[in-house]
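For reference, the chains in residue letters:
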Amino acid sequence: DQARPLRNHARLRDAACEAGLVGVQIAAVTEPTHLQQDGTLVVMVTTSAWMQELSLLEPELLRSLNRDASRPPVLKVRWMLRR
């Protein structure tokens, strides 16, 4: 599976927060790493508790991420625990 790496993770996280795609709290515990060719966004998460919470919020987050039709669509999120 080909993946498009997301450059400048901190800047991307800040921009997502400023654009209202995610809140400050979510931005502080996540790090999007790349968007796979199949539309899967891979996101590192600081704790398993946050991973569970974000999994429950995934439908809402996907709607928010896909508001801008000029960006490639995100079809699902793969949450991974940062070690």
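Look up a bit, the structure's there.
Residues numbered from 1 in each chain as written. Predicted model: local features only at pLDDT ≥ 70, side-chain atom pairs only at ≥ 80, totals over all residues. Heavy atoms only, no water.

Draft legend 1. Representation of the pattern of salt bridges within the structure. Applying the stated criterion to the full structure yields 2 salt bridges. Note that Glu31 and Arg82 form a salt bridge whose closest N and O atoms lie 3.6 Å from each other. With Glu31 in strand E2 (residues 30-36) and Arg82 in the segment after strand E4 (76-81), this residue pair connects regions lying 51 residues apart in the sequence. Among the ionic pairs, Asp68 bridges to Arg71, the shortest N-O distance being 3.9 Å. Its relative accessible area of 33% is what places Asp68 among the partly exposed residues. (Salt bridge = Lys/Arg side-chain N within 4 Å of Asp/Glu carboxyl O. Helix = DSSP H or I, 4+ residues; strand = E, 2+ residues; numbered from the N terminus. Buried < 20%, exposed > 50% of the residue type's maximum accessible area, 1.4 Å probe, protein only.)

Draft legend 2. Region of the structure containing the environment of Asp38. As for its position among the elements, Asp38 is in the loop between E2 and strand E3 (40-45). By relative accessible area, Asp38 is classed as partly exposed at 36%. With 37 residues separating them along the chain, Asp38 and Leu75 place their C-alpha atoms 7.8 Å apart.

The analysis is restricted to geometry; functional conclusions fall outside its scope.
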